[in-house]
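One letter stands for each residue in the lines below.
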Protein chains: 2
Amino acid sequence: MRKYKGHTKLVIKPGSTDEVSKVLKYCNDNMLAVVPQGGNSGLVGGSIPVYDEIVINMSRMNNIRDFDEVSGTLVADAGCILEVVDHFLAEKNHIFPLDLGAKGSCHIGGNVATNAGGLRLLRYGSLHGNILGIEAVLPDGTVMDDLSKLRKNNTGYDIKQLFIGGEGTIGIITGVSVLCPQRSKAANVAFFGLESFEKVQEAFRAAKSQLSEILSAFELMDGQSQDLVHAVTDKKRPLEGQHPFYCLIETSGSNPDHDSEKLEKFLEHVMSEEIVSDGVLAQDETQVQSLWSWREGIPECLGHWGGVYKYDLSIPLPELYKLVEDTRERLTSAGLVGDDEKYPIVGVVGYGHMGDSNLHLNVATRRFDKEVEKKLEPFVYEWIAKRNGSISAEHGLGLAKKAFIGYSRSETMIRLMKQIKDLYDPNGIMNPYKYI
Amino acid sequence: MRKYKGHTKLVIKPGSTDEVSKVLKYCNDNMLAVVPQGGNSGLVGGSIPVYDEIVINMSRMNNIRDFDEVSGTLVADAGCILEVVDHFLAEKNHIFPLDLGAKGSCHIGGNVATNAGGLRLLRYGSLHGNILGIEAVLPDGTVMDDLSKLRKNNTGYDIKQLFIGGEGTIGIITGVSVLCPQRSKAANVAFFGLESFEKVQEAFRAAKSQLSEILSAFELMDGQSQDLVHAVTDKKRPLEGQHPFYCLIETSGSNPDHDSEKLEKFLEHVMSEEIVSDGVLAQDETQVQSLWSWREGIPECLGHWGGVYKYDLSIPLPELYKLVEDTRERLTSAGLVGDDEKYPIVGVVGYGHMGDSNLHLNVATRRFDKEVEKKLEPFVYEWIAKRNGSISAEHGLGLAKKAFIGYSRSETMIRLMKQIKDLYDPNGIMNPYKYI
């Protein structure tokens, strides 16, 4: 949205945990506000200095410290780029338990600080389960040395968990220890067209039951999102004809023959039962990439006309897509959506991680228009609150969602969170004006 | 060990979260110490009233509140018995992501409070990843209502994580929301004899690589543990002849044919490469249970002669078994181990969750003998500290390990933990004399 513009007079690039400690201690003693910054790829303004905060950029701390091939435990600096780490692990026949669009620039420290979700969560679970240890520096310069490589350690409160999703408000993560799964020998991708969201749910249930342990992604894209990708890229569509909904299914497993057999059986089932209308199975790595591009390319394509209002929401599955319909209806009847230049909105689309009940509601616009924002907020947040959903499934709070946390959290929970913030950062120097 | 004897004049059995809240508020206002108690099956004295604490027993809060078959999310009272919940889930084609020997009496609230590990962790990961929400009552009576059913919710600090493994020292868990996996259609169990711990490690690496996504347990038992089980039960051994080490491997998956094929291929590999000396594959459910009994029966059989010193340790895999050898050597050369009544120790055995680097070192004794304890402690803890292991992998701290936390945690971490304790329980009424 080009919504936030950073203002700072100083960017510090520490090269070690000790340097981070000295910098934070100095800032804390002198009441200087700081903003920790990883790859700066967040979507809620969390890494932006709002007034004149000092930016502490972690990019120089980018060493892989240790990897154990038997247990799959990786220890690395916070400033390592996700894709670099994943390539390193690929050579060792392992993968990072997280993958997301920004992998080429985001830092693993930032991933942990924002509790990133992404494309592999369905299979490998959340970072709260996969992060074995964290080294972080507290505002007063204390180094929290909890870089455990142990899978099990029941000796006291699991304090590092507060830093997973803490968005740099109680300390700066300088190193992480991560449990990395073995890389699968086989990966398959299928792409479907479906006639309704009911069919999408049926397909998801069938995939969970029949693909079970090899299912590694179940992604949803609506017809409009694919129309807009097509309008921008002009690439040949994966399927003939058009459908209201599309799904991308990925499997990964240790035996290519077994996986293919399971997937073919699944395809036969969903085709013969008319759960899906049409489908295609990638035949090689190029086709795998090409099919994924229809999902991963959405965010960039939507920005083609101007700015995009992005909402990252958790919604109970049966109602997941209803929000897109309700929002589209609301904006359309307000006369804000159309093909013509005179309408501010190009389209209202929904896509996301169906397997995690995580919807990305995106409104692609031609220009900033106050009316659009007024119609969207607090409408979207109220809609979510009514269904006990989350107003930020995986993007975090940052600056953008700070004011809206009350739609997803009770007063009690917010009070308990503020206690934690006050405990660790009594001077309020860490990433101020944001989060809770 | 019959080491702890509870002393209390009052056991309270609340029937609702509101009643827990009123009880705790009263106790907090009047400075009365309390001990939360689930199934009372812990091994570190965590649920024992040390002096005259009031016991708050959760057994009356045993309702399953909600289950959603599409997402697999279960919401249940803390006092539900694990096995009851697992049977309920079995009917719905799902399983609880945790299994352990005490399942017939332990409570799921207690499992979460102690961050129980158990037999399914290798496959489904830790409770830090699988618990979606927690309802807990704080010492001042505040109800922390964080019973989220969402798989993703990045809106603020994940405070519920402090209660996972908090051992009832900052509040009482009254309800949990859990992500439950689909129940596998096929389950297979194999049992091996191996000549050395090096071979055990080779077998583990082969299992990770070849069984990969269907591997659900890799358990280790040493020869002495099996000798003692045999001495007590007099059952026919699964394999002809005797071996220094045994492993039990379980697979579970969605396609019985595929799983059998993978397992047979794996068996062929480890037999032909002489990684294992002998092996057997369970042919039916009775044999599955029978093979598991050689692993699950160990703790009970070891108690046959008297008390058992139990250590639950995380150790980097290559050195996992060395502790058993070193301890056995130490106790034997001190003249404490023998077949005869005159020796206090019957045997020093090692077994555990190889897949999680989690060893159970057990010393079976005929009677209490001060010399035995003196030789064991702090020797075992110092041995662990030197290798950056954990002195409590899955049993927790409770009363038994409180004094030894310094062997696994730095002064900084202990200080940060005490801060948390003081923040939530300033009067120190919750499970005092224990934990940190």
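Residues numbered from 1 in each chain as written. Chains lettered and ligands numbered in written order. Predicted model: local features only at pLDDT ≥ 70, side-chain atom pairs only at ≥ 80, totals over all residues. Heavy atoms only, no water.

A. Seen up close, the overall build of chain A. Scanning chain A from N- to C-terminus turns up 14 helices and 15 strands. At 22 Å, chain A has a C-alpha radius of gyration in line with the 22 Å of a compact globule built from 436 residues. Each of the three principal axes of chain A carries a C-alpha extent, and together these read 65 × 55 × 40 Å. Taken across its 436 residues, chain A has 61% of its residues classed as buried. (Helix = DSSP H or I, 4+ residues; strand = E, 2+ residues; numbered from the N terminus. Rg over C-alpha atoms; globule rule 2.2 N^0.38 Å. Buried < 20%, exposed > 50% of the residue type's maximum accessible area, 1.4 Å probe, protein only.)

B. Fine view of the interface of chain B and chain A. Opposite the 86 residues of chain B that make contact, chain A presents 87 residues. Summing the contributions of chain B and of chain A, the shared interface buries around 6,800 Å²; its carbon and sulfur component is 54%. Counting the surface chain B buries against chain A, the share from its top three residues, K152, N154 and Y157 of chain B, is 15%. Inspection of the region where chain B meets chain A yields six salt bridges. K152 of chain A is the salt-bridge partner of D356 of chain B, the closest N and O atoms lying 3.2 Å from each other. Linking chain B with chain A are 46 residue pairs in polar contact (both at pLDDT 80 or more). Going through the elements one at a time, helix 4 (121–124), helix 5 (127–130), strand 7 (143–146), helix 6 (197–210), helix 8 (256–272) and helix 14 (411–424) of chain B are the ones with two or more residues in the side of chain B that touches chain A. A per-class count over the side of chain B that touches chain A returns 26 nonpolar, 40 polar and 20 charged. (Contact = heavy atoms within 4.5 Å. Buried area = accessible area lost by both parts, 1.4 Å probe. Salt bridge = Lys/Arg side-chain N within 4 Å of Asp/Glu carboxyl O. Polar contact = N/O pair within 3.5 Å; in protein donor to acceptor, adjacent residues only side chain to side chain. Nonpolar A, V, L, I, M, F, W, Y, C, P; charged D, E, K, R; others polar.)

C. How the structure looks around the UniProt feature "domain: FAD-binding PCMH-type" (unreviewed entry) in chain A. Per the UniProt record, the feature "domain: FAD-binding PCMH-type" (unreviewed entry) sits at residues 4–183 of chain A. The span residues 4–183 of chain A is 21% helical and 22% strand by assignment, and the distance between its end C-alpha atoms comes to 38 Å. (UniProt positions renumbered as here; feature names shortened; annotations may be inferred.)

D. Structural view of the sheet that holds strand 1 (residues 11–12) of chain B. Residues and elements named next belong to chain B. The three strands are arranged 1-3-2 in an open sheet whose pairing can be described as parallel. Where the open sheet ends on each side, the last strands, each with one partner, are strand 1 and strand 2 (34–37). Alignment of strand 2 against strand 3 (residues 54–57), held across four bridges, turns out to be parallel. Residue pairing across strands places P36 opposite I56, the latter belonging to strand 3. (Pairing = 2+ DSSP bridges.)

E. Inspection of the pattern of salt bridges at higher detail. Residue and element names in this part refer to chain A. Taken as a whole and judged by the stated rule, the model has 42 salt bridges over all chains. Of the charged contacts in the structure, one is a salt bridge between D86 and R120, with a shortest N-O distance of 3.7 Å. Of this pair, D86 sits in helix 2 (residues 82–91) while R120 sits in the loop between helix 3 (108–113) and helix 4 (121–124); the two residues are 34 residues apart in sequence, bridging distant segments of the chain. This pair shows no difference in class: D86 is buried, exactly as R120 is.

F. How the structure looks around unusual backbone geometry. Omega for the peptide link from E377 of chain A to P378 of chain A comes to 10 degrees, which places this bond in the cis form. For P378 of chain A, the location among the structural elements is in the loop between helix 12 (370–376) and helix 13 (379–386). Non-glycine residue S212 of chain B carries a positive phi angle of around 40 degrees. Within the element layout of this structure, S212 of chain B appears in the loop between helix 6 and strand 10 (215–222).

G. Summary view of the relation of the copies chain B and chain A. Each copy superposes on the other: chain B lies on chain A with an RMSD of 0.0 Å after a rotation of 180 degrees and an axial shift of 0.0 Å. The symmetry that links the two subunits is that of a two-fold axis. When C-alpha distances to the rotation axis are compared across chain B, the minimum falls at G129 of chain B, with a value of 2.0 Å. A shared interface surface links the copies, since 100% of the contact residues of chain B are contact residues in chain A too. (Least-squares fit on C-alpha atoms with pLDDT ≥ 70 in both.)

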